[in-house]
Each structure stands twice: as C-alpha cells, then as structure tokens.
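Single-letter residue listing:
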Amino acid sequence: MKRAGFVLLALSPFVAAALCFSAPGLSDPGDAAPPRAGRSDTDGAGLDSPDKKELAQKIVASAENSTLDWRSAYAYVEDIGDGQGYTAGIIGFCTGTHDLLVLVEHYTKDHPGNGLARYLPALRAVDGTDSHKGLDPGFPAAWKTESRVPAFRTAQDSERDRIYFDPAVRLAKLDGLGTLGQFIYYDAMVMHGPGTGPTGFYGLRNRAMTEADTPAEGGSEKAYLDLFLDIRRTAMKSKNAHRDTTRIDTAQRRFLNDGNLDLHTPLEWQVYGETYRVP
C-alpha cells in the first residue's frame, strides 16, 4: 500500500494510540473560533461529510498505493523495508508502530475467534521493531484471509477514523481550516503519525503555529497552509524513505495555489509521476 514507509510513529506502545485524544489543541470543537466572514469552511461541506471523506480516501490512496480504489487495500500486507515491520490495510497499519497491534486487539475483543487472534502474542513482542519473529510464515496469509470478512474491514475503517481521520479533522477545524486544510492535516497525520517529535504531526503543527497565525487566530488560511506544507516537506526530505514529495508538490500545493480551499471537484493531480482525476 505505502510507497515509501509512511505512518512513522516514534512513540511508546502505550502512548501512540492515546496521543490522538491527549495532544495539545484537541479540545472540544465548540471551543473553536467562529469562521470569519468569507471563510471557505462556511461554504464547503467539510472533510467529514460523506462525499468529501470518500474523496480524501482516494487522494491518500493515490500516494499510498497508486490507485483511487482505496478499498482494494484492505487485504494488502507487505514489509516494504522501511524499518516498521509489516505494513497492512487501508491506511498502512504497521507491526512496528503499535497501530496494527491495537487494531487486532480491538477486533479480537469483539470477534475472539478471528484468524489473527493467534498472532497477538507475537504482535505484542515485535511492537516497536521491524522483527517478523512469530509472524512468519503465516501472518500475511492470515491477514489477507481475514480481510475478506466484512467485520474486519469495518474494524480497519474504525481504527483509521479513531487514530488518524477524526483527530486530524477535529484539530483542523479548531485551527479554522477549510476542507483542503483538513485534508492537509489528515494526510500529514497518516504519513508522519500522531507524534510530538520534530517529524510527527503534532510537532509539525506546533512549529507552524510558532511561525504563523492560524485562521482561527486571524491569520491568512493560504499563508498558514503554505508554511505548514513547507515545514512538512522539509521533514519528509530529512528521511530517505520520504524523499519523494510529489504528494505535496503536485497535489496538495496545486489545490492550494488554485485557491481550491473547499476541495471542489473536478480535481486533477500527480503523485510519483502518475496523473489522477476525480470528475
């Protein structure tokens, strides 16, 4: 699914899943400043509307697995050599970054007889490493088989939303960002993980907020997002696995330069030299 090792959660196993809810800025959405006159987010549906959420998954999938058919990745599982162990599923859950373990634990709680439950001891043992100990040779086949089960697909959707989509959109709204800004936060959360370090999502946001006012603080939305993308691009370039920045340069930056703050369709963008269109 992932082209170059995304979802880098440099966190302890007990902190990673909780950061989405405890990170600075994630107060109640009712605390957000009201939109200023003429603000784009009063006109757009917001990324959490069904149509925009579907669009968001397509744009992410174009960068993560070179397709607009994001549902084709439920059964994906592979070690892409990024030091995170196996990468699997619709958002690139990793055996080395805790989110895959949490997914299987939550799923097993509701469906104890599932085909992945027997790998829980091994998943706990390799969490935070790139090791396959206790997972080979059967784990990839078990993942693919379980991904045919509708309940496991639903579980993947739920964990994607809980860990990545919902916190990113919620925080973007608190910062006064429209639909495009909400997507920019979401894509950064997916790729960099909900970490507070210099290359984690919250670290990137905190740095941007020290250098520019968010729209909620009275700043220019375009100027703030330009800066956020600059900071994120620098963070990507600092890691060998992330050096291709076309998901920013010829996709998100293109939408921003076009003034498409509400992510109106039709859309056209390029990632890794491939062109994608949504009518």
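Below you will find a few notes about this structure. None of these values were measured; they are calculated from a predicted model. (Residues numbered from 1 in each chain as written. Predicted model: local features only at pLDDT ≥ 70, side-chain atom pairs only at ≥ 80, totals over all residues. Heavy atoms only, no water.)

**Quick look at the overall build of the protein**
Counted only if it meets this: Each helix corresponds to a stretch of at least 4 residues labelled H or I by DSSP, and each strand to a stretch of at least 2 residues labelled E; elements are numbered beginning at the N terminus. The buried label goes to any residue with under 20% of its type's maximum accessible area, the exposed label to any with over 50%, and the partly exposed label to all in between, with areas taken from a 1.4 Å probe on protein chains only. Every residue pair with non-hydrogen atoms within 4.5 Å of one another is taken to be in contact. Note on areas: Shrake-Rupley, 1.4 Å probe, and residue coverage restricted to the protein chains presented here.
Across its full length, the protein carries 10 helices and five strands. Scored against the burial criterion, the 279 residues of the protein give a buried share of 55%. Sequence separation of at least 24 residues holds for 64% of the intrachain contacts in the protein that already meet a minimum separation of 6. Summed over its atoms, the accessible surface of the protein is roughly 11,200 Å², and 52% of this surface lies on carbon and sulfur atoms.

**Digging into the nonpolar core**
The cut-off we apply is this: What is meant by a nonpolar core is a set of buried Ala, Val, Leu, Ile, Met, Phe, Trp, Tyr and Cys residues, joined one to another through side-chain atoms within 4.5 Å.
Ranked by internal contacts, the top residues of the largest apolar core, which has 75 residues, are Phe139, Trp143 and Tyr186. At 10 residues, the largest contribution of residues to this core is made by helix H6 (residues 150–174). Discounting residues that sit within four places of it in the chain, tryptophan 143 has contacts with Tyr74, Ala75, Tyr76, Val77, Ala88, Gly89, Leu100, Leu103, Val104, Leu116, Phe152 and Gln156.

**Observations concerning the pattern of salt bridges**
Any two side chains of opposite charge can pair, given that their charged atoms come close. Just so we agree on the cut-off: The term salt bridge refers to a side-chain nitrogen of Lys or Arg lying within 4 Å of a carboxyl oxygen of Asp or Glu.
Tallied over the entire structure, the rule returns 18 salt bridges. Measuring nitrogen to oxygen at the nearest pair gives 2.8 Å for the salt bridge that ties arginine 205 to aspartate 175. One end of the pair, arginine 205, is in helix H8 (residues 201–211); the other, aspartate 175, is in the loop between H6 and helix H7 (179–192), with 30 residues separating them in the sequence. Like aspartate 175, arginine 205 is buried. The salt bridge involving aspartate 226 is made with lysine 222; its shortest N-O contact spans 2.8 Å. In this pair, aspartate 226 and lysine 222 both sit in helix H9 (residues 221–237), four residues apart, roughly one turn of the helix. We classify lysine 222 as partly exposed; its relative accessible area is 35%. What emerges from the salt-bridge pattern is a single network uniting Lys53, Asp157, Arg160 and Asp161.

**Concerning H6**
Our working rule: Every helix has an expected span of 1.5 Å times one less than the residues it contains. Think of it this way: the bend at a residue is just the angle between two axes, each fitted to seven residues, one set ending at that residue and the other starting at it.
Taking 1.5 Å of rise per residue, the 25 residues of H6 would be expected to cover 36 Å, and the 34 Å separating its terminal C-alpha atoms lies within 8% of that figure. Aspartate 161 marks the point of greatest bend in H6, at about 50 degrees. Count one or two residues on from H6 and you reach glycine 176, which has phi positive near 80 degrees.

**Concerning helix H10 (residues 246–257)**
Within H10, the full set of buried residues consists of Thr246, Arg247, Ile248, Ala251, Gln252, Arg253, Phe255 and Leu256. Of the surrounding secondary structure, the elements contacted by the buried residues of H10 are helix H2 (50–65), H7, H9 and strand E4 (267–271). Where H10 ends, the next residue or the one after it, glycine 259, has phi of about 75 degrees, a positive value.

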